[in-house]
Structures are given as structure tokens and as C-alpha cells.
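In case you want the letters, here they are:
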Amino acid sequence: MSVAGEDDRGRTSNVIGGEAQLYGPTVQARDVHGGVHIQAASAVRPPKPRQLLPVPAHYTDRLDEHAVLDRLFRARAEAGAAQPLIVINGPAGIGKTTFASRWLHAHETAFPDGQLYADLRGHEATGPAEPGEILGQFLRAFGTPAVPGDLAEQASLWRSVTSRLRIAVMLDNAFTAAQIRPLLPGGTGGLVVVTSRHRLTGLSMDGAEFHRLPSLGDAAGTELFIRGVGKDRVAGELSAVRQVVALCAGLPLAVCLASARLAARPGQRVAALAEALTPDEERLAVLEVAGEGTVQNALDASYAVLGAEPARLYRALGLLPVPAFDVRTAAAACAASTAWAERRLGELVEANMLEDIGPDTYRFHDLVRVHAHDRATATESVTARRRIERRVADWYLRTATDAQRRITPIQLTLPRTYAYPSRLPEPFTDDIGALGWLDARRTHLMAVLRLAAERGWNATAWQLVDALWPLFLRLRHYDLWIEAHRTGLAAARADGNSAAERQMLNSGAIGLAAARRTEEAIEWYTVSLRAAREAGDRRDEGQAWLGLGGCHFEAGRLTDAAAPLDRAVETWTECGYPRGVALARILLGEIALAEQDLDRAITCFTLAREGLLAVSDPHDAARALAFLGRARTRDGDRATGTAQMLEALATFTASGAAHWQARTLEMLGDSARERGDDTAADDFRARALALYETTSPADARRLR
């Protein structure tokens, strides 16, 4: 598949203004920032349990509960269930996540292809996660960045990807049965464990077994409390300890937080803590179901003993739309240094108000996040809250822009405006690191984009979309590409910025075309062409012509494609944009190749490559070289053509351009087949198919 000229974004301008963890032999992705964790069998590193205090390896009561799950799992396996499904439910703070993750860890050898974890955010203030969001993260974590836009297609692809895998999937904090069903994998011999505050009885239609996790008994709760504060602190006060545990209604979260409060006050007696937790007895009575009252009291008590600076960071982080934080994000939120942020994050982790889940990665327990947000709302003015959010948005915008200029320096970057310019250091030092940063934080960047649009920070919104161009171009996350540009287009129009509007139309149309939504892409290019003519912008006019020609070519309308491409060459020649002329010549060469006019194809590809090398565009020069090699092999010069395709393949491999690796491998396979080397052809096509599975399911289906 050829994208409509890829892009023509070659100008530069000035700046204006002041995890799915995934391990294992067959999986190479890493995403600790998107809410998905994957553990493959070779790594034996399970996702960290979501807890606020270290939990004992087992409580006496929980050993019995593990045995119950053992029996359920064996019963489903013995009954021949293709994909056992177990739902663990109970009130908030009961320890469902820790219990389920420990049980899965104990059975990791039963799932040699890995264990996956996703937080479905069933009780977030912003609403539960959409199944498509989680499917997208799961698929990308397994190396499938080209995720279909349709939920049914996503679910079908997910079942196909997992059809031969023996995996365990933990779906945490589920809200409804409908949220679960699209996430059920294919294959046999696996397991899905769901945790939820709701019973999710609707999943009985899917063959689910249910287990309600009870509260801790007095002995287990007392043990947990004592482990948090030490035996010496409770000497002579065991009755008060039992009273505290009773007030916590047997919720591990509440017990942990109560012990943390006591540990932070060396001079306080347990009896005083019990007295502090005594109010709201009526709320404690309903805690058995809702799990809210005591947790709220315990969180308030833990927050009250924080120092002023960690409390300020706690409130600031509670306002952010991202699921996890690093040191730089924390520093940006409080307009502080990274050293300050690192110290404050350490204090919050020590106080068990924040979880350390990986290298420079922190997150809240979901209930604590709600509490942090509530404290910020109660403490900070609206102006102060917006300032915190805007500082973080500006930091993400500046860092993404730095990555963009590093990865694609030749491409057009529209001016940037910052309300709060950041002086924090870049989190990367080279092109690979910059692209890795964009990819690892793509869900964060999208969350910040949505926040900017919601707040009416229109310039920030479209500028952030513009900055994400290398992420979309190189890694082809089509679902995010299209969503971002819809948001960016609306923001550019609301901002009254016609140049930004055309940029969003053109970049968005490239994504639509790449995702095979050709007719919609033509609509966007047509609007862009009209806007460019009204603005007298010949450069953008040429891009619209290029895009229209590329769309017609992809639709198989070769005659209709040639005319707009000729207009693109003419327009860009007149306005002095040689890179655009070269991009148009690549597509004209593809048309000639499809029409068997090999001399014309070789001429087009040769001129295109020369033009792109002259403007220092190695990626697109390699695209021209790959096509040139294919044209030469079809013209009989097999040795030269194959060498040129292999040279292009090496360039794409070094840059991580998986889609163009697949395209080149497919052409090498076709060339090998034509010369009668079926063994080489099969090898090239198998390698191409493996890459297409992760970048373009439509091409994978075509190749199969």
C-alpha cells in the first residue's frame, strides 16, 4: 500500500511564547504508560500488585480463597472450557487486584505465552475504559500498531492474534459485562480473570464462574496492621488494634492506610487512631457493600500528615488526565525542578499515597486518585487548577515538538505557543529515543490532547497534533492518527488559524488514506484544496493535489490519479518546492509500474530519489529506491534491482519503518518468484506477512 505521497511537511519555523509491559521471546514491545502490562513466561516478572502498603505473602484467610480459585480453575479445565472465565467481585478496597495477581503469579507456568493485565477504570470519574481502547493497547503490545477503527474488527483481530496462545488475561476494575466480552481472547488452554466491584452476573452467559472475595477476618486484619507499624508499637494495645481493624471493615486498603497514618506519627497511640476513625459509624455499616466511608477517612488522615510540599504535588497529580507519572511530569505540574519532584515523589511513595510501578513511573490506586482530585478541588482555586493542567500540557507539547524536530527535521512544523514555557531537560538523546518516548506515552499525549480540547486551549490542541506527526508517520497507529486529527481540525477552526486548519486536513487525510478510508480522505483533501486556493497557498495546494492523486491510485483509478499528480508537480515546480515534486514522482512511477511502462517508471523513480537525496530526506529516498529496484527487476536487470531493494530494506530496518520493510520484502518476494526462486520468494513473503500483521491487517489479508 502506498500512502498518498506520505507528506510534504518540509518547512521549519520558530517557536513562539515564553505501559503494556511486555516480556518474552516472541514479543518485543514495551508500554508501561498505557495501563496494559504483559508478562511473558521467559521473564518471570509479574505485574506489580496494585497496593498502597506491602501486602504479606498470604493472609490466613486468603489461603482458603486461593484454594477456592484453584478448584474453580480445575473444574473449568476438566469440563473442557476452551477459555475459562473467573469473575472476582467484592467492595472497593477488599484487595481483589492483589489477590488475583498473586494467584495468577502462583500459576504462571500454566500460561507459557504470558500474563496480561489491563485496568478497565470501572470507577474513574471520567468513566470506564472503552473496550476498543484496551484492545488497541493489547494489540499494539503484541506488535500490532495498525489497529482497525471498528470494535468488531479489533475484537476479531485480537482473537486471531491469540488463537494459538496459552495466556492469562487479568481485566481489573471492570464495570459491565459488555465491557469484558470484546476483550476475551481466542485459543484454548488460557484463562481470563476479571475483578469488579459489581457481580457482573451477565457474564454467566459466557460461562463465567464467580467468586466474591470476603473481608479480612480479625486475625488477618490484625496481622496486616501490625506488619505496617511493627510489633513494638502495638504492645499492650491489641484491643485497640482490633478496634481499628473493625472500623476498617476488613478492607486491606483501609487497614494499610490506617497503619501508615500511625507509622507517620511515632508518638501517637493506637487508641488515638481508633478514636480518630470512630465517626461515621453509619457509613461503616454500609462499607461492606460500597467500600467508601472508611477508605475516605483513612485517606484524609494519611493526607493530613503529609508535609506541605508532597501534599502540593499530591493535589497536582490528582488533577492530571494521565494514568501514570514520571519525574518530569511531576516537576512540570508544580513548576519545580526534577530534583524537587524526585524527592516529593519518594515521600508520597513512602507514605503509601503513590505506587512505584517501574523505572521512573508512578501511579495512584484508583481510590487514591479520586481522593487526590477531591483534595485539589477543595484546596485549589479554579485558576490554580487550570494553571497546573496547562503547565503539564505545555510540557508535553514542548517535548513532543522537540521529538518531532529531532526525528523529522525536514518536515513542516507550525509555530508553537506556550503559556508556561518549560525548561526541563529532554527525556531522550537521539532519534530512536525520541520516537520511543512518543510511542510509550502515546496514551498520555492523547489524554492531554483531549484535555486541551475540553478546556478550549485550541492552539495547544492542534499544535500537539502537529507535533505527533512522526509517531503517526513512522508507527502508523491509525486509530489514534484519525482521532487526533479530528480533534486537531476542530481546534484549528475554533482557533481561527487557517494554516493550521489546512495542516490538520492534509495530515489527517494522509492517515485516512493509509487506513484505507479512501473516500473520506478524498473529502478532506478536497476541502484542503479549496482552502489552499482561497488562501493563495500554492504549497498546500500541491499537497492536496498529491493526496487526491494518491487516493485515486489506491482505489485503482489510474487514469484519475495521473491528472492531479501532474497538477502537483506543476504547482510545486512553480512555487519552488523540489521535495514535493519528488514525492509526486514516486506516485507517478507507481502508476507507470502498474501500467507496465517500465522505462517511464524507472525515470520517475530515479528523478524522485535524486530529488529527495538533494533535500536530505533519506526515508522517502529509500521508498523511491525500493520501487526503482522493483522496476529494474521487472525490466530484466535482476541483480541491480535486487541490490537496490535490499539497500532500501536496510534503511527501513535501521529506522524502524516496519510498514516499508514489509512493502520492500513483498517486492523482493515477487521478484524472486519471477526468477523461479520459490524458496527465497516464500521466505521474503513470510517475513513481509509477519510485519504486515503488525502494521496493516488489510495488507496481511491480501498477502495471505
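Residues numbered from 1 in each chain as written. Predicted model: local features only at pLDDT ≥ 70, side-chain atom pairs only at ≥ 80, totals over all residues. Heavy atoms only, no water.

Here's the deal with the overall build of the protein
Next up, step 1: Of regular secondary structure, the protein possesses 33 helices and 10 strands.
Next up, step 2: Counting the 704 residues in the protein, one finds 59% classified as buried.
Next up, step 3: Of the accessible surface of the protein, which amounts to about 26300 Å², a share of 51% is contributed by carbon and sulfur atoms. (Helix = DSSP H or I, 4+ residues; strand = E, 2+ residues; numbered from the N terminus. Buried < 20%, exposed > 50% of the residue type's maximum accessible area, 1.4 Å probe, protein only. Areas by Shrake-Rupley, 256 points an atom, 1.4 Å probe, with all protein chains shown as cover.)

Notes on unusual backbone geometry
Next up, step 1: Backbone geometry at Asn173 places phi at a positive 60°, although glycine is not the residue there.
Next up, step 2: Locating Asn173 in the fold gives a position in strand S5 (residues 168–174).
Next up, step 3: In this model, Asp360 sits at a positive phi of 50°, which is unusual for a non-glycine residue.
Next up, step 4: According to the relative accessible area criterion, Asp360 is partly exposed, its value standing at 31%.

A few points about the packing of helix H17 (residues 382–407) against helix H19 (residues 442–455)
Next up, step 1: Between H17 and H19, the least distance of the axes is 10 Å, while the angle of their chain directions is 130°. By the angle between their axes, H17 is oblique relative to H19. Along this stretch, H17 crosses H19, giving a crossing that reads as left-handed. In this structure, H17 contributes Arg386, Glu389, Ala393, Tyr396 and Ala400 to the contact, and H19 contributes His444, Leu445, Val448, Leu451 and Arg455.
Next up, step 2: Partitioning the contact of H17 with H19 into residue classes produces 6 nonpolar, 1 polar and 3 charged. (Axes fitted to C-alpha atoms, helices over the stretch in contact; angles between N-to-C directions. Parallel < 35°, antiparallel > 145°, perpendicular 65-115°, else oblique. Left-handed = near helix turned anticlockwise from the far one by under 90°. Contact = heavy atoms within 4.5 Å. Nonpolar A, V, L, I, M, F, W, Y, C, P; charged D, E, K, R; others polar.)

Observations regarding the nonpolar core
Next up, step 1: Counting residues in hydrophobic clusters, the biggest one holds 189 residues, and the most contacted among them are Phe225, Val244, Tyr314, Leu317 and Leu438.
Next up, step 2: Here the element with the most residues in this core is helix H27 (residues 578–594); it accounts for 10 residues.
Next up, step 3: Not counting residues within four places of it along the chain, the set of residues in contact with Leu438 comprises Ala400, Ala403, Ile407, Leu445, Leu468, Pro470 and Leu471.
Next up, step 4: One finds Ala129, Leu139, Leu157 and Ile167 within the second-largest nonpolar core, a separate group that totals 28 residues. (Core = buried A, V, L, I, M, F, W, Y, C linked by side-chain atoms within 4.5 Å.)

Re the side chain of His552
Next up, step 1: Relative to the elements of secondary structure, His552 occurs in helix H25 (residues 538–554).
Next up, step 2: Among residues more than four places away in sequence, those in contact with His552 are Ile522, Arg557, Asp560, Ala561 and Pro564.

Concerning the environment of His477
Next up, step 1: Of note, His477 is situated in the loop between helix H21 (469–475) and helix H22 (478–495).
Next up, step 2: His477 sits 34 residues away from Gly511 along the chain, and the two C-alpha atoms are 9.0 Å apart.
Next up, step 3: The contacts of His477, once residues within four sequence positions are left out, are Arg140, Pro145, Asp439, Arg442, Leu471 and Phe472.

Notes on the pattern of salt bridges
Next up, step 1: Under the counting rule described, the total for this entry stands at 44 salt bridges.
Next up, step 2: Among the ionic pairs, Arg493 bridges to Glu501, the shortest N-O distance being 3.0 Å.
Next up, step 3: Taking relative accessible area as the criterion, Arg493 reaches 43% and is therefore assigned partly exposed.
Next up, step 4: Here the salt bridges share partners, and the residues they tie into one network are Arg386, Glu389, Glu454 and Arg455. (Salt bridge = Lys/Arg side-chain N within 4 Å of Asp/Glu carboxyl O.)

Comments concerning the pairing of strand S6 (residues 191–196)
Next up, step 1: When you tally the buried positions in S6, you get 6 out of 6 residues, the bulk of the element.
Next up, step 2: Burial of S6 is two-sided: the residues Leu191, Val193 and Thr195 facing one way and the residues Val192, Val194 and Ser196 facing the other way are all buried.
Next up, step 3: Sheet topology places strand S3 (residues 85–89) next to S6; 5 bridges connect them, and they run parallel. Counterpart to Leu85 in the pairing with S6 is Val192.
Next up, step 4: Across 5 bridges, S5 lies against S6 in parallel orientation. Across the sheet, residue Met170 finds its bridge partner in S6, namely Val193. (Pairing = 2+ DSSP bridges.)

Re the pairing of strand S8 (residues 355–358)
Next up, step 1: In this structure, S8 lies alongside strand S9 (residues 361–363), joined through 3 bridges in antiparallel fashion. If you follow Gly358 over to S9, its bridge partner there is Thr361.

Things to note about the environment of Leu505
Next up, step 1: Along the chain, Leu505 turns up in helix H23 (residues 498–514).
Next up, step 2: A residue is classified by how much of its surface remains accessible, and Leu505, at 1% relative accessible area, is buried.
Next up, step 3: C-alpha of Leu505 to C-alpha of Ser528: the two residues are 23 residues apart in sequence and 5.9 Å apart in space.
Next up, step 4: Residues in contact with Leu505, not counting those within four places in the same chain, are Leu489, Arg493, Trp524, Val527 and Ser528.

Observations concerning helix H29 (residues 618–634)
Next up, step 1: Given a rise of 1.5 Å per residue, 17 residues ought to cover 24 Å, and the 24 Å separating the end C-alpha atoms of H29 matches this to within 8%.
Next up, step 2: Burial runs high along H29: 14 of the 17 residues are buried.
Next up, step 3: Once H29 ends, the next one or two residues include Gly636, with phi positive near 105°. (Expected span 1.5 Å × (residues − 1).)

Comments concerning helix H20 (residues 458–467)
Next up, step 1: In terms of burial, H20 is largely enclosed, as 9 of its 10 residues are buried.
Next up, step 2: Listing the buried residues of H20 in full gives Ala459, Thr460, Ala461, Trp462, Gln463, Leu464, Val465, Asp466 and Ala467.

Quick notes on the environment of Val327
Next up, step 1: Counting through the fold element by element, Val327 comes out in helix H14 (residues 327–333).
Next up, step 2: On a C-alpha basis, the gap between Val327 and Leu345 in space is 7.7 Å, while along the polypeptide they are 18 residues apart.
Next up, step 3: Not counting the four nearest positions on each side in its chain, Val327 is found in contact with Thr338, Ala341, Glu342, Leu345 and Asp360.

Focus: the packing of aromatic side chains
Next up, step 1: Throughout the structure, instances matching the rule amount to 18 aromatic pairs.
Next up, step 2: A centroid spacing of 6.0 Å and a plane angle of 85° characterise the contact between Phe73 and Trp103, whose relative ring orientation is edge-to-face. In this pair, Phe73 sits in helix H1 (residues 60–78) while Trp103 sits in helix H2 (residues 96–106), placing the two residues 30 residues apart along the sequence.
Next up, step 3: Residue Phe73 is classed as buried on the basis of its relative accessible area of 15%.
Next up, step 4: Taken together, the ring pairs connect Tyr303, Tyr314, Phe325 and Phe364 into an aromatic cluster.
Next up, step 5: Above the ring of Tyr577, the side-chain terminus of Arg539 is found at 3.6 Å from the ring centroid. (Phe/Tyr/Trp six-rings, centres within 6.5 Å; stacked < 30°, edge-to-face > 60°. Lys NZ or Arg CZ within 6 Å of the ring centre and 35° of its normal.)

Considerations on the packing of helix H26 (residues 558–575) against H27
Next up, step 1: Where H26 meets H27, the closest approach of the two axes is 9 Å, and the angle between their N-to-C directions is 155°. Relative to H27, H26 is oriented roughly antiparallel. Considering how the two elements wind past one another, H26 and H27 form a crossing that is left-handed. In this structure, H26 uses Leu558, Ala561, Ala562, Leu565, Asp566, Ala568, Val569, Trp572 and Thr573 to contact H27, whose residues at the interface are Gly580, Val581, Ala584, Leu587, Leu588, Ile591 and Ala594.

Focus: the side chain of Thr162
Next up, step 1: Looking at where Thr162 falls in the secondary structure, it is placed in the loop between helix H4 (151–161) and S5.
Next up, step 2: Looking at Thr162, the relative accessible area reads 0%, which means it is buried.

Digging into the confidence of the model for the protein
Next up, step 1: This prediction gives the protein a mean pLDDT of 84; 87% of its residues lie at or above 70.
Next up, step 2: Here residues 38–60 scores under 50 on pLDDT; set against residues more than four positions off or in separate chains, the count is 79 contacts.
Next up, step 3: In the model, residues 280–293 has pLDDT below 50 throughout and makes 26 contacts with residues more than four positions away in sequence or in other chains. (pLDDT = per-residue confidence, 0-100.)

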